[in-house]
Amino acid sequence: MTPASSWRVVLDQDRGGAALLALLAAVVVAVPVLNLAVPPSSPLHVSTYVLTLLSKYLCYAMLALAVDLIWGFCGILSLGHAAFFALGGYAMGMYLMRQIGTRGVYGDPVLPDFMVFLNWKELPWFWLGFDHLWFAVGMMVLVPASVAFVFGWLAFRSRVTGVYLSIMTQALTYALMLAFFRNDMGFGGNNGFTDFKDILGFDVQQDATRVVLLVITAVVLGASYWACRAIVGSRAGRVIRAIRDAESRTRFLGYRVESYKLWVFVFSAVVAGVAGALYVPQVGIINPGEFEPINSIEVVIWVAVGGRGTLYGAAAGAVLVNYLKTFFTGAFPEVWLYALGTIFVLVTIFLPRGVMGLMPTPTRASAR
């Protein structure tokens, strides 16, 4: 079989993934043109507001991918992945705050405004290095990975599973939320970080910068999808699915179950952290509210609505539910939570495989 034919087989077996990548390619090509080249008076013009919404949806889709990887394929129901999303966002936010310099309200060349307001005299040690983007990128990967590794090593080594593990992940994000609300933590307290000026010298408020960030987000989402799909399709992927279906039997066969669960949990946390880092410069704010447990629960709903265990369904569910959230919170703000609950109940009863379960699956003959 030639490489070209093998790629055709892969795409035929994963039509949903092929559709996702095609849509991302269309976004990368069409949206910049419709925003920058088409005049605002044209009905085809993509406004800055829509551009920001699209960027936010793509970041959420990446977060949903991370949750689907561990829940849909490894059976780990995490109710705390918002913590990794927020940690990555704070890493990017620290870099953006260091770029403000003398343009802040208090004009301090080193200390962010909130530190000047709280009468801090010098920059804390854990802020050092965040004036460089490469350092911030390293931290947005390293910090979520480290927290996930420590938590996962303790939890999986103790063989905590099921609802108990879910409660522990929720406790993790709640504890981090309480910690980041404290002013003396050095992360802006309840206000968090905002008023960003530029990234790599480019104004974050300019449409051209927003378009570039959108394109980067779409490319990273596509890369994250292929990375998750490569894991699922590998020998290790077959092992983690076996852990999901029969953990005790998989351990009896000689596999180090805890090690498999740990590395896939850490990788999932990294994907969530990168999503959070891309989210912050496009939305323009990061605060402890991103740690709220309800955010992690919403991610699980996205995955369930789209289709658990499909990857592309999780991404589609994130975009669909957040679009409905945008619509309902604008048109009927008082009924949004009821609408979300209704959607989840209806999907659970009538579409146990999610919206993507309505798609026809390829036959063996077509996959050859």
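Described in the following lines is the structure provided in the data block. (Residues numbered from 1 in each chain as written. Predicted model: local features only at pLDDT ≥ 70, side-chain atom pairs only at ≥ 80, totals over all residues. Heavy atoms only, no water.)

As a further point, take the packing of aromatic side chains. Applying the stated rule across the entire model yields 25 aromatic pairs. Note on Trp 134 and Phe 135: the rings are 5.9 Å apart at their centroids and 85° apart in plane angle, and the pair reads as edge-to-face. Residue Phe 135 is classed as partly exposed on the basis of its relative accessible area, which comes to 22%. Between Phe 180 and Phe 291, the aromatic rings sit 4.8 Å apart at their centres with planes inclined by 35°, giving tilted as the arrangement. Separated by 111 residues along the polypeptide, Phe 180 in helix H7 (residues 162–180) and Phe 291 in the loop between strand S4 (285–286) and helix H12 (293–306) bring together distant segments of the chain. Assessed through its relative accessible area of 7%, Phe 180 is described here as buried. For Phe 291, a relative accessible area of 0% translates into the label buried. Counting every residue linked through ring pairs, the aromatic cluster contains Tyr 90, Phe 114, Trp 125, Phe 126, Trp 127, Phe 180, Phe 187, Phe 193 and Phe 291. (Phe/Tyr/Trp six-rings, centres within 6.5 Å; stacked < 30°, edge-to-face > 60°. Buried < 20%, exposed > 50% of the residue type's maximum accessible area, 1.4 Å probe, protein only. Helix = DSSP H or I, 4+ residues; strand = E, 2+ residues; numbered from the N terminus.)

The next point concerns H7. End to end, H7 covers 28 Å across 19 residues, agreeing with the expected 27 Å (1.5 Å per residue, within 8%). For H7, the complete set of buried residues consists of Leu 165, Ser 166, Thr 169, Leu 172, Thr 173, Leu 176, Met 177 and Phe 180. Taken down its axis, H7 places every buried residue within 130° of arc, on the same side. Along H7, exposed side chains directed more than 90 degrees from the buried face belong to Val 163, Tyr 164 and Ile 167. In this fold, the buried residues of H7 make contact with helix H4 (81–98), helix H6 (133–157) and H12. (Expected span 1.5 Å × (residues − 1). Arc of directions from axis to C-beta. Contact = heavy atoms within 4.5 Å.)

For the structure shown, the criterion picks out 0 disulfides. Looking at the unpaired Cys 74, the closest cysteine sulfur is the one in Cys 228, lying at 13 Å. (Disulfide = S-S within 2.5 Å.)

This part takes up unusual backbone geometry. The backbone of Asn 119 sits at a positive phi, close to 65°, despite the residue not being glycine. Examined against the element boundaries, Asn 119 turns out to sit in the loop between helix H5 (113–117) and H6. Phi angles above zero are rare outside glycine, and Asp 195 is one such case at about 60°. Summarising the element assignment, Asp 195 is placed in the loop between strand S1 (193–194) and strand S2 (198–199).

Turning our eyes to something else, we now look at empty space enclosed by the protein. Applying the stated rule across the entire model yields 1 cavity of 30 Å³ or more. By volume, the largest cavity is sized at about 60 Å³. Lining the largest cavity, in full, are Met 97, Arg 98, Ile 100, Gly 101, Gly 104, Asp 108, Val 110, Leu 111, Pro 112 and Asp 113. Classifying every residue of the lining of the largest cavity gives 5 nonpolar, 2 polar and 3 charged. (1 Å grid on protein atoms, 1.4 Å probe; cavity = no way out; pocket = protein on both sides within 12 Å on 5 of 7 lines; lining within 4 Å. Points joined across faces, edges and corners; volume = space filled by probe spheres on them. Nonpolar A, V, L, I, M, F, W, Y, C, P; charged D, E, K, R; others polar.)

Residues Met 92, Trp 127, Phe 193, Phe 196, Phe 291 and Trp 302 are the most contacted members of the largest nonpolar core, which totals 110 residues. The leading source of residues in this core is helix H11 (residues 257–283), at 16 residues. Excluding residues within four positions of it along the chain, Met 92 makes contact with Leu 133, Met 140, Ile 199, Ala 277, Val 280 and Pro 281. (Core = buried A, V, L, I, M, F, W, Y, C linked by side-chain atoms within 4.5 Å.)

At a closest axis distance of 7 Å, the pairing of H12 and helix H13 (residues 312–331) adopts a crossing angle of 115°. Classified by the angle their axes make, H12 and H13 are roughly perpendicular. In this structure, H12 crosses over H13, and the sense of that crossing is right-handed. Between H12 and H13, the contacting residues are Glu 298, Trp 302, Val 303, Val 305 and Gly 306 on the first element and Gly 313, Ala 314, Gly 317, Ala 318, Leu 320, Val 321, Asn 322 and Lys 325 on the second. (Axes fitted to C-alpha atoms, helices over the stretch in contact; angles between N-to-C directions. Parallel < 35°, antiparallel > 145°, perpendicular 65-115°, else oblique. Left-handed = near helix turned anticlockwise from the far one by under 90°.)

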